[in-house]
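One-letter residues, chain by chain:
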Amino acid sequence: MKRFFCLLLALCALLTLCGCGRKDADEEQEFGNTTGRDLVRVQLADNVFSLNSNPNYSHNPFVATNHSNQLICDLIYENMVEVDEDFKAVPSVIGSWQPNDDMTVWNLYMDTEHEHNFSDGDPVTPKDLVYSIGYAIYNDRFRGRFASFKGASYTDDGMQVTLGIGDSQFVKLLNIPVIKTGTFEVEAGVPPIGSGPYMYDDERLTLLANPYYPDSKNLPLQEIYLQEFTDAEGTLSAFEDGYIDVAVNDPSSYTSLGYASSNEIHSFPTTNYHYIMFNEESTFGKSTAFRIAMQYAFDRDYLPELLGGNAVASAVPLYPTVDYYPQTLADSIRYNLEVCRAVLQSAGIADTDGDGRLEYAAAGGSGRFEVTIMVCADSSAKAGIVNRFKDDMKSIGMTVNVEELPWEEYLTALEKGFFESGNREVTWDMYYGEVKLRNNFDLTELLQVRNENNARGNLNYSRSRDTSIVDRISAYLRATDAMRPIAYHDLCEYITRTNGNLISIGFEKQQIITHRGAVKGLDPNIGNPLYDFAHWTIILED
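Residues numbered from 1 in each chain as written. Predicted model: local features only at pLDDT ≥ 70, side-chain atom pairs only at ≥ 80, totals over all residues. Heavy atoms only, no water.

### A few points about the packing of aromatic side chains
What the rule picks out here adds up to 29 aromatic pairs. Seen in terms of ring centroids, F284 and F369 are 4.6 Å apart; in terms of plane orientation they differ by 85 degrees. Their pairing is edge-to-face. Residue F284 is located in the loop between β12 (264-278) and α7 (288-294), and its partner F369 is located in the loop between β16 (365-368) and β17 (370-376); the two are separated by 85 residues in the primary sequence. F284 gets classed as buried once you look at its relative accessible area, which sits at 8%. Through successive ring pairs, a cluster of aromatic residues spans F87, Y273, Y275, Y319, W428, Y431, F441, Y461 and F507. Across from the ring centre of Y302, 4.9 Å away, lies the NZ or CZ of R388, which sits over that ring. (Phe/Tyr/Trp six-rings, centres within 6.5 Å; stacked < 30°, edge-to-face > 60°. Helix = DSSP H or I, 4+ residues; strand = E, 2+ residues; numbered from the N terminus. Buried < 20%, exposed > 50% of the residue type's maximum accessible area, 1.4 Å probe, protein only. Lys NZ or Arg CZ within 6 Å of the ring centre and 35° of its normal.)

### Brief notes about the sheet that holds strand β8 (residues 198-200)
In space, the 4 strands of this open sheet follow the order β1-β10-β9-β8, with mixed pairing throughout. Lying at the two open borders of the sheet, with one neighbouring strand each, are β1 (50-52) and β8. Put simply, the sheet's adjacent strands are angled 30 degrees from each other on average, direction ignored. For β8 and strand β9 (residues 206-209), the ladder comprises 3 bridges, and the chain directions are antiparallel. Counterpart to Y198 in the pairing with β9 is A209. (Pairing = 2+ DSSP bridges. Axes fitted to C-alpha atoms, helices over the stretch in contact; angles between N-to-C directions.)

### Describing the sheet that holds strand β4 (residues 94-99)
On the basis of which strands lie adjacent, the open sheet formed by 4 strands has the order β4-β5-β7-β6 and antiparallel pairing. Across the chains shown, the open sheet's two edge strands, defined by having one partner strand only, are β4 and β6 (149-154). Pairs of neighbouring strands in the sheet enclose a mean axial angle of 20 degrees, with direction left out of account. Two strands pair when backbone bridges link them, and β4 and strand β5 (residues 105-110) are joined in this way by 5 bridges, in the antiparallel orientation. Pairing of Q98 across the sheet is with N107, part of β5. Of the strands in this sheet, β4, β5, β6 and β7 (158-163) are in contact with helix α5 (residues 126-136), which crosses β6 at around 160 degrees. (Contact = heavy atoms within 4.5 Å.)

### Brief notes about the pairing of β12
The element β12 is largely enclosed, with a buried count of 11 among its 15 residues. With 11 bridges connecting them, β12 and strand β22 (residues 502-514) associate as antiparallel partners. Note that in β22 the partner of H266 across the bridge is I512. Bridge count for β12 against strand β21 (residues 430-436) is 7 bridges, and the pairing is antiparallel. Bridging across to β21, I276 finds its partner in Y432.

### Describing the packing of helix α14 (residues 468-478) against helix α15 (residues 484-498)
For the pair α14 and α15, interaxial distance at closest approach is 8 Å and the crossing angle is 160 degrees. As judged from the angle between their axes, α14 and α15 are roughly antiparallel. In the packing of α14 onto α15, the handedness of the crossing is left-handed. Facing S468, I469, R472, I473, A475 and Y476 of α14, the residues of α15 in contact are R484, A487, Y488, D490, L491, Y494 and I495. Here the residues of the contact of α14 with α15 sort into 9 nonpolar, 1 polar and 3 charged. (Parallel < 35°, antiparallel > 145°, perpendicular 65-115°, else oblique. Left-handed = near helix turned anticlockwise from the far one by under 90°. Nonpolar A, V, L, I, M, F, W, Y, C, P; charged D, E, K, R; others polar.)

### Things to note about α5
Owing to its 3.6 residues per turn, the α-helix aligns residues three or four sequence positions apart on the same side. Of all the 11 residues making up α5, 8 are buried; the element is thus mostly covered by neighbouring parts of the structure. For α5, the secondary structure elements touched by its buried residues are β4, β5, β6 and β7.

### Details of the pairing of β7
Of the pairings in the sheet, the one linking β5 to β7 comprises 5 bridges and is antiparallel in character. In the sheet register, Y109 faces β7, and the bridge partner there is G158. As judged from the 5 bridges shared by β6 and β7, these two strands associate in the antiparallel manner. Across the sheet, G151 pairs through a bridge with T162, a residue of β7. As consecutive antiparallel partners, β6 and β7 are separated by 3 residues.

### Here's the deal with unusual backbone geometry
We note that M103 has phi near 65 degrees; this positive angle belongs to a residue other than glycine. Since its relative accessible area comes to 8%, M103 is described here as buried. Within the chain, R463 stands out as a residue other than glycine whose phi angle is a positive 65 degrees. Tracing the backbone through its elements, the reader meets R463 in the loop between α13 (444-447) and α14.

Pasting the structure below:
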């Protein structure tokens, strides 16, 4: 039903943009002579700046999973650090950091160049940092990034964190909010106290400038109004009508909203990673040569095309703007059907009888080369990638069966290694997956061997027994800045061209959307679309 409404709204938006006819001279004067509405004029009509606040979801920054409420949190709370679009750590409340030699102990020092004060006037202290990270590791929004966290303590000038596994990029995981000690849950439904540029008014209907924030009188706004729209359709309509002025959209989701193209849309990177893995117990998935051949079989550039430019292709599990990205290696495994066919042929998979179909050597003769790939039916983009793969493989004589399964059936099939089709069990050979990686691109939970002890957090459904991958991941995580490119290249070489465990497709982008001409100075980053809001320029009508 949600998909239907989203498609309907998108169609309505398209018709609004492309099918507006002139009724009379007054209407043309009001809306101009372009197709669609003058969105700037519409949104300035109320002469205020508003954000959406969804009362059905939490406003606690460690729990908030709703996009609208996260935007509000971005204004009320400062992050310990920020992470820019190239995935580099940027000082914030934490101004500097220093690990020990094996990267297991991190000393994180308070920023001494800027004041950081909570909205009640108290200064942010190292004790608040320890208090905040303590709640981050146990609450849904951030807990996944702290798997190796062992403990934290504070000193006069900062916080010390101890890790179970050395990580030279640990500081990139700390783009998490700082809250005042003792305020996580003073009263049910009351958000903690923050040190960001804004604070709630007494009734939590408005955001007011935090008087203790540096240069608070020169913030772009002294008041930000909060509206309440609880569903996707209402949010879309409210934005287009100017009742709210900023929105975040996930173009890859089936709940993606059809915002008009005449708005200003700023895309920013995410670690939402699309990939292919194998069932290494299936007839073909257990073949190393087959897995390596498939590295060349996927047109990764099709992902950005399917998502309207809101993705980047990547042949390795790393965002392409990261400074140690192994470009030469990535280029060596790019989409190439001729190379794919040649690698298959070297493994004994070829058209031996001239019928245009590939066969493989089997005991006592040969068999038809036919594989099954499984994908969750929640995304047209994912289905588009695997169906393009199916067509490409057909062109070289390989039969691919695509199974699009509902989410629960997909999860069950991952666990079991097969799915029900009619009255029979079908073993899948490959599956299309998506996961939100950490900011340090740690692949441990994706590639470590799955067992009873780690099954709860483990996302590796390949049934692989290769324990050496974790050693390579650990070497990459521990590597210094100078050695990191070498360590990462070694890891990627192994998982793509040596063992072929993982096929990378790319990463999604998300969007922050504003009305044209109303906002200047946007600089969205990883995890904070409203980064540096204090220096935005917001134009309100006189």
